Amino acid sequence: MTKITANHLGRSAFIYIRQSTADQLLHNPESRRRQYGLADRARQLGWTTVEVIDDDLGRSGGGINRPGFERLLAAICEGRVGAVFAIEASRLARNGRDWHTLIEFCGLVGTVIVDEDGSYDPRHPNDRLLLGMKGTMSELELSLFRQRSHEALKQKARRGALFLSVAAGYVRAGRDRIEKDPDQRVQDALRLVFAKFAEFQSVRQVHVWLRDEGIALPVACHKAAEGRSIAWRLPLYNTVHNILTNPVHAGAYAFGRTMSKVSVEDGRKRVNRGVRRPMTEWDVLLKDQHEGYISWSECERHQQVIADNATGKGSAAVRGAVRRGELLLAGLLRCGHCGRKLYVGYGGKAGRYYCRGALVNHGTERCISFGGLRADHAVGSEVLRVLKPLGINAAVKALKAQTSETSAAERQLDMALQQARFSAAYARRQYDAVDPDNRLVASELERRWNEALQVVHRIEGEVAALEARKPAPLGEKERRHLMQLGADLELAWSHPAATAATRKRVLRAALHEIVARIEGGFIEMVLHWRGGDHTALKLKMNGAGKHRWTVPEDTLSLIRELARLMPDQQIARLLNRAGKPTGRGNGWTKARVCSFRSHHGIAVYREGEWAERGEITLPAAAQIIDVSVMTALRMVRRGIIKGRQLCRGAPWVIKVEDMAAYREQKPSRRSLPSDSTQQSFTFQ
C-alpha cells in the first residue's frame, strides 16, 4: 500500500455503497454488509475521517441519475477525498462515461481508488490502464449477463412456458402451465366484466356500473411472505381495462407486450418501462394455449372497440364512445371531400354536423356543414328497414333474459355472502379449538371471529337492500307490449323510453362508417354496413334560415294580411277554424300569433286602420245601402258590390269608393206610401 501517502490520509476516505435493485436490498443483505465493512478497513489503513455514501441503494449503475455518485464526484473535485473505497469497480459505475469521468477527476486531484485487489493511483499510466480495463470488463460483463438472461427468457417464452406472474382468474398448474381459478366467484366476476362490456361498449361505463352496484373484482396480490393471493376490491378504471385487454383471458399466451424506451435527459440515461407495443410487434403470441373466458375473435373485437373509443389520442380513424347529445351519427360521419371526421355542434335544441379539419390544420375554409335532424331521420329509417326482420328475435331474447337470469349484482353478492360465512365458520372453529383460559390467543381469535361476523352482517344487509330494489317480473300485458315493439321496430325506435344513447348503439352495431358529401344542394351519404355492403342516400338540404318547423308560405302570407284586418285573438280563432297549425303542429293562441308577428316583423293591428285605407266591413256596407247583411252578402257574391275575402271565415273587405259607385248606378227606389201606419219588413 505504498501508493497511500500522508496527503491521502490527511483527507477523507469515501465509501461508496450501491445495490442495483430493490430485490437485492431485500434478499442480498450480505453484499450490503461487506460494503459497509469497507469503513473499518479504511480506518485500519490509517484514515480517521470516513464518510459513507449510500444514497444510490436500489439504483442501477447503468447510466441513470444517481445522486450519491454525483455527490462523490463533487467531493473529489473539491479536493476533500483521499481515497474512494468499493468492493469492485462495478459498484462505482457500469458504463464507460461515469467510470472514465471518475478516473479523470481522481487523477486530477490525486485521489486513489481502493478495492479488494489493491489500490490504484490514476496518475500512474499502468494503474490508469488497469482501471480502464476493469471498467470495460465490468461493462462487458453486464452486457453478457443481460443478453444471456434475455435469450433464456425468450426461449422459454417461445414454448409458452414462461410465467413471471399469473393474472387474476388463473392459477399455476405445474411450473409451465396455467388453468382457470377453481373459485367460482372469481370466474363469474370476470365473465360479468366481459358481458357488461359487450352491452355498454365502453370501459368507462363498465367501471361506473360496477362501482354503482358495489361489485368487487379479484386482484392478484404478490407478497414475499405470503406468496400470491386474491384480494377483492372495488374496481379502478385500470383494473377493468387490464381485464379487457389482457390476451390471457382469451386463452392466448403473449410475451413482449411492453418494452422499455431509453432517452437522454440532462446528460443522463432515462429508462421508461412498461411502454405498450402494438400486437404486431409482440415477441410471442400463441393462441389456444389454455381455456379462456372469451374467444380470440371476441378479444379482437374488444380491442377494436377500445381503440375506437380513444378519441383523446388524436387519431382520425377512431369513432369515439357513445356520448351525450341528441344527434345520432356522431363519430360515424366522415367528410367525403377531405376525408376527415365530422364534428358535432349544438345550438339550442338543434345540432349540426360540420367538417373543420381543414380550418384547424391549414387555416382554410370549412368543407361542409349540414343540419343533423334530417340526416339522423334518413339514416335511422334506412337502418330500421334493414334490421326489421331481426326485431322478433331480439324481443324473444329480451324476454328470455328477463325471466331466466338472476341479476349480476345479486349473484355476486350471494357468492360474497357464501365466502364471508365460510370465513366466519372458520374463525369460529379456530376459536373453539383454543383453550379459553389462554386469553392471549383466545382474545385475538375472538376478535377475528367478530370481524368475520360483521362482514357477514354487512353483506346480508346489502342483499336485502338489493332484493327490495329488484323490479317485479313482466306481466302478460308487458310481454305483449314487448313483442309488439319487436314486431314493429319503428314503434320501438320512437318509443319515449328509447334514449338517444340506445339509438346510437343500434346504429353503431349496424354501421361501420358514413361518408357524406354536399353537391348541388343535396347531401349525398354512403352508408358502409358492418357486413361490407354499401347504401347510398340523397337528401335535399334545407334552405338558408329554414328548418323543419317552418310555417308554410301561404300561412305566412295569410297572417300578414289578416294582421291588417283583425287583432291577434281573432286571427288565432280564424287559423284554428281553417285547420292551419303552427310549424310544430300545435294550435294557435293569441301569444303564438303575437310571437309569430314579432319574428317576421309584422305590425300589430290598430283600431281605425280600415278607415285610413278607405275600407268598410260587410255590416257597414249593408247599413249604408239600407239592406240586411245577408242581402249585402248575396250582392257581393253576385258581383253587384265589389268586395274581397282572404279565406273562408275572414271578414269581407269593401272599398268606400266602390260603395259610392254602386249608389250612383243603382235605380231609384219607389217612394213610400203616405200612410204612416204602413210598416216595412226586413227579410233575412
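Scroll up to find the structure this text is about.
None of these values were measured; they are calculated from a predicted model.

Student: In this structure, what is going on with the packing of helix 9 (residues 184–200) against helix 11 (residues 237–245)? I would like to understand it.
Tutor: Between two packed helices, the angle of one axis relative to the other and the distance separating the axes together describe the packing. Taken N-terminus to C-terminus, the directions of helix 9 and helix 11 make an angle of 85 degrees; their axes are 10 Å apart at the nearest point. Judged on the interaxial angle alone, helix 11 and helix 9 are roughly perpendicular. Residues Leu190, Val193, Phe194 and Phe197 of helix 9 pack against Val240, Ile243 and Leu244 of helix 11.

Student: In this structure, what is going on with the sheet that holds strand 2 (residues 50–53)? I would like to understand it.
Tutor: Sheet architecture is open: five strands sit in the order 2-1-3-4-5, paired in mixed fashion. In the strand order of this sheet, the two ends are held by strand 2 and strand 5 (118–120), each with one partner. The sheet shows a mean angle of 25 degrees between the axes of neighbouring strands, direction not considered. By the bridge criterion, three bridges tie strand 3 (residues 81–85) to strand 4 (residues 112–115) in an arrangement that is parallel. Counted as the bridge partner of Ala83 is Val112 from strand 4. The strands touched by helix 5 (residues 67–77) within the sheet are strand 1 (12–16), strand 2 and strand 3, with strand 1 carrying the most contacts at an inclination of about 160 degrees. In the packing of helix 8 (residues 125–158) onto the sheet, contacts are made with strand 4 and strand 5, and the angle to strand 5 comes to roughly 110 degrees.

Student: For this particular structure, what's the right way to read helix 21 (residues 553–562)?
Tutor: Counting along an α-helix, one turn takes 3.6 residues, and residues three or four places apart therefore face a common direction. All buried positions along helix 21 are accounted for by Thr555, Leu556, Leu558, Ile559 and Leu562. End-on, the buried residues of helix 21 take up no more than an arc of 165 degrees, which puts them together on one face. Each element contacted by the buried residues of helix 21 is listed here: helix 22 (568–577) and helix 23 (590–600).

Student: So what exactly am I meant to see when it comes to the side chain of Thr239 here?
Tutor: Here Thr239 lies in helix 11. The class for Thr239 is buried, based on a relative accessible area of 19%. Those residues within four positions of Thr239 in sequence are excluded, and the remaining contacts are Leu217 and Val219.

Student: Mind showing me how you'd approach the sheet that holds strand 14 (residues 333–335) here?
Tutor: In sheet architecture, strand pairing relies on hydrogen bonds along the backbone and comes in two forms, parallel and antiparallel. In space, the four strands of this open sheet follow the order 14-18-19-20, with mixed pairing throughout. Lying at the two open borders of the sheet, with one neighbouring strand each, are strand 14 and strand 20 (534–540). Across the sheet, the axes of successive neighbouring strands diverge by a mean angle of 25 degrees, strand direction being ignored. With seven bridges joining them, strand 19 (residues 522–529) and strand 20 adopt antiparallel strand pairing. Of the residues in strand 20, the one forming a bridge with Ile523 is Leu539. Lying over the sheet, helix 20 (residues 500–510) contacts strand 18 (511–519) and strand 19, oriented at roughly 95 degrees with respect to strand 18.

Student: Where do I start with the packing of helix 5 against helix 7 (residues 96–109) in this structure?
Tutor: Taken N-terminus to C-terminus, the directions of helix 5 and helix 7 make an angle of 20 degrees; their axes are 9 Å apart at the nearest point. The angle between helix 5 and helix 7 places the two elements in the roughly parallel class. Crossing hand, helix 5 versus helix 7: left-handed. Along its contact with helix 5, which presents Phe69, Leu72, Leu73, Ile76 and Cys77, the element helix 7 presents Asp98, Thr101, Leu102, Phe105, Cys106 and Val109.

Student: In this structure, what is going on with a nonpolar patch on the surface? I would like to understand it.
Tutor: Side chains of Met137, Leu140 and Leu144 sit close together on the surface and give an oily, nonpolar patch of about 270 Å² of accessible area. With respect to the secondary-structure elements, Leu144 resides in helix 8. Residue classification places Leu144 among the partly exposed positions, given a relative accessible area of 35%.

Student: Looking at this model, I keep getting lost on the side chain of His290. Mind explaining?
Tutor: You can see His290 is positioned in the loop between strand 13 (284–286) and helix 12 (296–309). The class for His290 is buried, based on a relative accessible area of 16%. In this structure, His290 is in contact with Tyr170, Ile178, Val248, Gly251 and Ala252, ignoring residues within four places of it in sequence.

Student: Whenever I open this one, the pairing of strand 18 confuses me. Can you help?
Tutor: Regular strands place side chains that alternate from one sheet face to the opposite one. Sheet topology places strand 14 next to strand 18; three bridges connect them, and they run parallel. Residue pairing for strand 18: Arg334 is matched across the bridge by Val515. In this sheet, strand 19 lies alongside strand 18 in antiparallel orientation, the contact comprising eight bridges. Note that in strand 19 the partner of Ile518 across the bridge is Ile523.

Student: Would you take a moment to explain the nonpolar core for this structure?
Tutor: Looking at soluble globular proteins, one finds that nonpolar side chains tend to be buried together. With 45 residues, the main nonpolar core has Val193, Leu210, Val240 and Leu244 as its most contacted residues. Broken down by secondary-structure element, the contributors of at least two residues to this core are helix 9, helix 10 (203–213), helix 11, strand 10 (253–255), helix 12, helix 16 (408–433) and helix 17 (439–469). The greatest single-element share of this core, amounting to seven residues, is contributed by helix 9. With sequence-adjacent residues up to four places away left out, Leu210 is seen in contact with Leu192, Val193, Ile215, Leu217, Pro235 and Val240. Counting 28 residues, the second largest nonpolar core, distinct from the first, contains Ala375, Val383, Ala510 and Ile523.

Student: Mind showing me how you'd approach the environment of Pro278 here?
Tutor: Within the secondary structure, Pro278 is located in the loop between strand 12 (268–276) and strand 13. In this structure the C-alpha to C-alpha distance between Pro278 and Arg257, which are 21 residues apart in sequence, comes to 7.5 Å.

Procedures and definitions
Residues numbered from 1 in each chain as written. Predicted model: local features only at pLDDT ≥ 70, side-chain atom pairs only at ≥ 80, totals over all residues. Heavy atoms only, no water. Axes fitted to C-alpha atoms, helices over the stretch in contact; angles between N-to-C directions. Helix = DSSP H or I, 4+ residues; strand = E, 2+ residues; numbered from the N terminus. Parallel < 35°, antiparallel > 145°, perpendicular 65-115°, else oblique. Contact = heavy atoms within 4.5 Å. Pairing = 2+ DSSP bridges. Buried < 20%, exposed > 50% of the residue type's maximum accessible area, 1.4 Å probe, protein only. Arc of directions from axis to C-beta. Left-handed = near helix turned anticlockwise from the far one by under 90°. Patch = residues over 30% accessible without salt bridge, like charges linked within 9 Å, V, L, I, M, F, W, Y side chains within 5 Å. Areas by Shrake-Rupley, 256 points an atom, 1.4 Å probe, with all protein chains shown as cover. Salt bridge = Lys/Arg side-chain N within 4 Å of Asp/Glu carboxyl O. Core = buried A, V, L, I, M, F, W, Y, C linked by side-chain atoms within 4.5 Å.

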